[in-house]
Amino acid sequence: MKLTGAEIICKALEYEGVEVVFGYPGGAVLPLYDKLYDSPIRHILVRHEQGAAHAADGYARATGRPGVCIATSGPGATNLVTGIANAYMDSVPIIAFTGQVNLSAIGRDSFQEADITGITLPIVKHSYLVKDVNQLAATIRAAFHIATTGRPGPVLIDLPKDITIAQAEFEYPPQVTFRGYRVPGRCDSAQVYQAARAIGEARKPVIYAGGGVISSNAAEELREFAEKTRIPVTNTLLGKGSFPETHPLSLGMVGMHGTAYANYAVSYSDLIIAIGARFDDRVTGRLDTFAPNARVIHIDIDPAEIGKNVRVHIPLVGDVKPILKELIQRVEVPDTGEWLKQIEQWKAEYPLRYTNEEGVLKPQYVIEQIWEITRDKNAVITTEVGQNQMWAAQYYKALRPRTFISSGGLGTMGFGLPAAVGAQIGRPDAVVFDIAGDGSIQMTVQELATAVQYNLPINIAILNNRFLGMVRQWQELFNNKRYSQTEFPDLPDFVKLAEAYGAVGMRVTRSEEVRPALERAIATPKPVIIDFVIAREENVFPMVPAGESLTKMVGC
Amino acid sequence: MRHTLAVLVENQPGVLTRVAGLFSRRGYNIESLAVGETHEPTISRMTIVVDGDDLVIEQVGKQLNKLIDVIDVQDITQAEYVDRELVLIKVNAEPSIRGEIMQIVDIFRARIVDIGYHTLIIECTGDEGKIRAIEKSLKPFGILELVRTGKIAMVRGQKYEED
Ligand SMILES: Cc1ncc(C[n+]2csc(CCOP(=O)(O)OP(=O)(O)O)c2C)c(N)n1
């Protein structure tokens with residue numbers, strides 16, 4: 001039977017097991033929206049296409065399934081760009097469908113035409129401009145395959161309007177073959193053996209776990225590996241949840257705002273076992289002084305990550321999970337007794353700390369309370385970007401994978417709220433918190449309307465310092481407190497704003513109000529904004545100034 | 001050091017943009033790039049000359065390999081290979097000096113492919129050294145236009161055993 005392009009898309013999504021898509025309609029996608037009207041696939045109407053991309057991203061990270069977003073041609077498509085770049089930098093599988101003008105109109109600056117495949121070229125894993133309706137089904141199959149295998153990433157499919165109207169015989173290919181795309185197979189056993197020996201010989205080893213552990217669903221293996229070898233584990237921002245941060249072997253986060261003990265451990269180690277991590281500059285600090293005495297074992301599915309920033313002695317290329325399984329079998333257990341003692345000393349000497357002062361509300365305290373109240377719950381935390389994000393990373397101890405969702409590589413203010421929408425849609429039973437700043441929340445606050453429309457009981461905790469806090473912190477430390485364009489003299493009343501959207505708003509100014517407010521928020525079956533009025537010039541410490549060595553921390 | 005890469009890609013629109021985009025985004029220096037269909041019409045072959053240290057070249061190869069439309073990447077710099085480039089050069093050539101130019105053309109086994117009132121177009125094929133040399137030799141006459149195809153290269157076949 002012949003189907004139209006739009007029908008083929010709906011059917012293909014069903015074949016891919018897609019239950020929900022995030023999108024926003026427009027002229028070029030009218031035929032698609034007409035067919036979605038009858039489709040069992042649930043459509044979440046966002047308020048800005050950036051929200052659709054971030055929601056698809058948050059959905060993917062929270063569930064492990066690919067996220068799907070849809071936008072119309074031109075401005076709809078360009079509004080997706082930040083969200084696509086965000087997913088690309090953090091290796092999140094999303095599929096973006098964009099409308100396009102009719103095939104014959106392409107290239108003539110037609111109404112609402114934008115070369116979206118061209119615009120997104122450097123920020124997608126792959127992209128397609130569909131020119132033949134007979135290729136549409138296979139293209140969608142290919143897109144899902146590419147987005148979700150190997151190192152995951154965003155794939156864009158640009159759909160000329162006439163393609164969605166034209167008809168073709170529908171047959172969904174069970175698989176597609178590529179000449180130029182191979183997912184790395186099993187890792188060479190000789191390499192694993194070599195790694196196993198190097199680990200046995202190490203005396204000061206550190207595991208450095210990144211987001212790859214989570215996308216590979218290898219948290220259990222990581223735990224078994226660390227416990228068997230008694231090697232301490234530090235994680236990246238995206239690696240939060242790959243290893244329980246309350247575990248005695250956990251060092252918490254490493255890098256610019258990592259714990260002092262994680263940074264010392266990495267700096268003085270004799271062996272770094274990097275797992276699904278990419279030696280980002282926010283992690284390594286100054287490269288030429290990074291872990292000077294360490295050999296490096298690097299486990300990653302992307303061969304291009306090996307040796308990109310740091311010299312690697314033993315590369316293990318492949319999926320983290322099976323490699324860890326094999327490594328657990330073969331590994332020789334090193335003697336880490338002395339090293340763990342040293343680390344305990346660092347932990348005692350340089351703990352994460354802040355001071356609670358009478359009459360002022362500290363952001364760290366708020367995060368600690370959010371943690372206390374959600375630690376035993378099925379909870380998902382998303383964050384915005386800035387100080388709020390770093391305090392969340394420091395004080396919210398992630399225990400399980402897919403519970404801490406943050407924009408790492410791109411550092412996108414405005415990510416947290418739409419990501420929370422996606423996470424809550426994907427995991428309706430979870431308690432979802434967006435830890436936000438007063439600046440970030442204003443970037444995508446319109447998605448509160450989405451949360452209200454779909455009755456999503458998201459809790460938005462705004463750490464309100466009336467500053468673009470993180471930038472202000474840099475200005476305080478490096479620009480002589482010249483607060484150029486970082487202060488908000490006037491902010492909306494976030495309580496009234498919440499109410500205007502039909503959500504619930506609360507304001508908290510004192511420590512003792514934090515807990516009751518959180519309890520009330522969680523018990524409220526609607527979106528809630530809590531406006532935490534915090535100490536205005538609180539800083540995130542420790543901090544490694546940009547371009548400095550990891551050991552050159554200030555404020556610890 | 002300069003490296004010569006032989007890259008097989010899907011013969012599809014946009015592939016060249018993806019490859020060129022990758023080079024500019026990651027800050028790699030393309031010295032030349034030549035592309036054309038192979039004997040298998042769905043596959044094109046690019047010969048890319050790129051400058052960089054070993055680390056950069058390794059990354060170039062790996063990043064190219066990540067492009068879905070790239071089928072194969074080989075760094076043939078260390079292999080025995082044949083490379084050729086074609087150049088067209090339009091030179092000033094008043095009738096009085098044409099004899100001299102023709103001698104140079106002969107020496108380089110090049111060809112004259114167009115004769116104008118005041119100009120000649122010379123076609124020359126060869127490896128980089130030869131192209132550079134003919135360009136240098138013709139320079140004194142005044143080069144008006146010059147176009148090069150970029151280098152193409154192919155690894156030599158296995159040699160017959162000598163016994
Ligand atoms: C879209 C975007 N624009 C600008 C920045 C640069 N930036 C990084 S942190 C920050 C301040 C964030 O302020 P706020 O959301 O209030 O959070 P705070 O740091 O105060 O917790 C800015 C402007 C960014 N990361 N993202």
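Residues numbered from 1 in each chain as written. Chains lettered and ligands numbered in written order. Predicted model: local features only at pLDDT ≥ 70, side-chain atom pairs only at ≥ 80, totals over all residues. Heavy atoms only, no water.

Another aspect to go through is the site of the ligand. Residue and element names in this part refer to chain A. The local shell around the ligand holds 17 residues, among which Gln387, Gly411, Gly439, Ser440 and Gly469 are the closest. In this structure, Asn388 approaches the ligand through a main-chain N or O atom, which is 2.9 Å from an oxygen atom. At 3.4 Å from an oxygen atom of the ligand is found a main-chain nitrogen or oxygen belonging to Asp438. Protein burial of the ligand: of its 590 Å² of free accessible surface, 76% is covered by the chains. Contributing elements (two or more residues each) for the shell around the ligand: helix 17 (387–395) and helix 20 (469–478). By residue number, the principal contributor to the shell around the ligand is helix 20, which donates 3 residues. Considering only residue class, the shell around the ligand consists of 7 nonpolar, 9 polar and 1 charged. (Near = heavy atom within 4 Å. Polar contact = N/O pair within 3.5 Å; in protein donor to acceptor, adjacent residues only side chain to side chain. Areas by Shrake-Rupley, 256 points an atom, 1.4 Å probe, with all protein chains shown as cover. Helix = DSSP H or I, 4+ residues; strand = E, 2+ residues; numbered from the N terminus. Nonpolar A, V, L, I, M, F, W, Y, C, P; charged D, E, K, R; others polar.)

Below, the discussion takes up the environment of Phe494 of chain A. All names here are of chain A. Residue position: Phe494 is located in helix 21 (residues 494–501). A residue is classified by how much of its surface remains accessible, and Phe494, at 1% relative accessible area, is buried. For the pair formed by Phe494 and Asp429, sequence separation is 65 residues and the distance between their alpha carbons is 26 Å. (Buried < 20%, exposed > 50% of the residue type's maximum accessible area, 1.4 Å probe, protein only.)

Note: strands within a sheet are paired through backbone hydrogen bonds, in either parallel or antiparallel orientation. All names here are of chain A. Read across the open sheet, the 6 strands follow the order 11-10-9-12-13-14; overall the sheet is parallel. Of all strands in the sheet, those bounded by a partner on one side alone are strand 11 (250–253) and strand 14 (314–317). Recorded for the sheet is a direction-independent mean angle of 15° between the axes of neighbouring strands. In terms of strand pairing, strand 13 (residues 295–300) meets strand 14 through 4 bridges, oriented parallel. Looking at the pairing, Asp300 lines up with Val317 of strand 14. Of the strands in this sheet, strand 12 (271–275), strand 13 and strand 14 touch helix 9 (residues 189–201), which is tilted by about 130° from strand 14. Along the sheet, helix 14 (residues 320–330) contacts strand 12, strand 13 and strand 14; its crossing angle with strand 13, the most-contacted strand, is approximately 130°. (Pairing = 2+ DSSP bridges. Axes fitted to C-alpha atoms, helices over the stretch in contact; angles between N-to-C directions. Contact = heavy atoms within 4.5 Å.)

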